[in-house]
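# Structural characterization, general
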Amino acid sequence: MTIPDIIIAIDGYSSTGKSSFAKLVASGFGFLYLDSGALYRGVTLFAQRMGLIGEDNVVSDALETALEGLDLHFSAEGKTCIGEDCVESEIRSMKVSSQVSPIAAVPYVRAFVDRKLHELASSGRVVMDGRDIGTTVFPNAQIKVFMTASLEVRARRRYDEMVAKGETPDLEQVAANLQERDYIDSHRSTSPLKQAADAFVLDNSQMSMGEELAWLRGVVQGKFGIYD
Ligand code: DC
């Protein structure tokens, strides 16, 4: 199947498997994968290292100026880096997870990440995952997917990922963090997480990755009338 040069936006709740799915789509379709959440996580780690997040997750105004000097990028292997420092595993830690949503609610942080995404996606043939890609960052994306799955399934997936990395999480705490992030992400005033009116909904609670990819191929075929 020949896929046209399009942007695919994948949004949805935390730990619905957006990035695993987006990576699979990228390799299956020959697209570039951009993980917008990794950029918010990178900014959060940067702010933590600079001591700019205070009590009750209040972010210092100094972060806005500090961001001008932040070299946050993806390496050739797609790893998130701050300057020379590859921070891919650090940005997935509970410490970053617990502070990323308040940071991602800050308007100038969102503008910083949006600018990066537009620079990186300029040549098309991109699949991106996040919370507001189809609604705010690329409202003209040709294919929009909104992913969801039950809280139980999502918490278990996140828990298994953390265990695989040698962490010792508590399942209830993981579920509580997911719920809290979903709440903050859906209720912030700047670009809240919500389903775009023209998004295709994918509930993958009971689906394998292969079934998810086959589903998306069907969506693309239907939308563009491709039947090769
Ligand atoms: O997808 P993730 O869990 O790595 O995202 C980390 C956080 O970043 C998440 O709590 C919400 C925020 N985020 C966002 O607000 N907008 C995006 N486009 C992507 C992520």
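For the structure, check the block above.
The notes below deal with the structure included here. (Residues numbered from 1 in each chain as written. Predicted model: local features only at pLDDT ≥ 70, side-chain atom pairs only at ≥ 80, totals over all residues. Heavy atoms only, no water.)

### Some thoughts on the overall build of the protein
For clarity, the threshold we go by: Labels follow the DSSP assignment, with helices taken as runs of H or I lasting at least four residues and strands as runs of E lasting at least two, numbered in each case from the N terminus. Here the globule rule is a power law, 2.2 Å times the number of residues to the power 0.38, and the radius of gyration is based on C-alpha atoms. Buried means the residue's accessible area, taken with a 1.4 Å probe over protein chains only, is under 20% of the maximum for its type, while exposed means over 50%, and partly exposed covers the values in between. Any pair of residues with heavy atoms lying within 4.5 Å of one another is described as a contacting pair. Computed by Shrake-Rupley with a 1.4 Å probe, the accessible areas treat only the displayed protein chains as cover when residues are assessed.
The number of helices and strands found in the protein is nine helices and eight strands. The globule rule puts the C-alpha radius of gyration for 228 residues at 17 Å, and the 17 Å found for the protein is close to it. Taken along the three principal axes of its C-alpha coordinates, the protein extends 55 × 40 × 35 Å. Buried positions account for 49% of the 228 residues belonging to the protein. Within the protein, counting contacts between residues at least 6 apart in sequence, those at least 24 apart form 75% of the total. Split by element, the accessible area of the protein, about 10,800 Å² in all, is 51% carbon and sulfur.

### Thoughts on the site of the ligand
Heads up, the condition is: Whether a residue is near a molecule or strand is decided by its heavy atoms; if any one of them lies within 4 Å of it, the residue is near. Here a polar contact means two N or O atoms within 3.5 Å. Within protein one must be a hydrogen donor candidate and the other an acceptor candidate, and residues neighboring in sequence count only if both atoms are side-chain atoms.
Near the ligand lie 15 residues; those nearest to it are Arg41, Arg110, Arg131, Asp132 and Arg188. Take Arg131: an N or O atom from its side chain is 2.9 Å from an oxygen atom of the ligand. The separation between a nitrogen atom of the ligand and a polar side-chain atom of Asp132 is 2.9 Å. Secondary-structure elements contributing two or more residues to the shell around the ligand are α2 (36-49), α4 (94-104) and α8 (171-187). Counting residues per element, the shell around the ligand draws most heavily on α2, which supplies four residues.

### Brief notes about the sheet that holds strand β3 (residues 72-74)
Rules: When DSSP finds at least two bridges between two strands, those strands are taken to pair.
The strand order across the open sheet formed by three strands is β3-β4-β5, and the pairing between neighbours is antiparallel. Unpaired on one side and paired on the other, β3 and β5 (85-86) mark the two borders of the sheet. Of the pairings in the sheet, the one linking strand β4 (residues 80-82) to β5 comprises two bridges and is antiparallel in character. Across the sheet, residue Ile82 finds its bridge partner in β5, namely Asp85.

### Comments concerning the side chain of Gln99
Residue position: Gln99 is located in helix α4. Exposure remark for Gln99: the relative accessible area of 16% places this residue in the buried category.

### With respect to the sheet that holds strand β7 (residues 143-148)
The criterion, for reference: Every axis in this analysis is a line fitted to C-alpha atoms, fitted for helices over the stretch in contact. Angles between the N-to-C directions lie between 0 and 180 degrees.
Here we have five strands laid out as an open sheet, ordered β2-β6-β1-β7-β8, and parallel in their pairing. Edge positions in the sheet fall to β2 (32-35) and β8 (200-203), since each of these pairs with one other strand and no more. Taking the axes of each pair of neighbouring strands and ignoring which way they run, one obtains an average angle of 20° across the sheet. When strand β1 (residues 7-12) meets β7, the two strands line up parallel, connected through five bridges. Residue pairing in the sheet places Ile8 in a bridge with Ile143 of β7.

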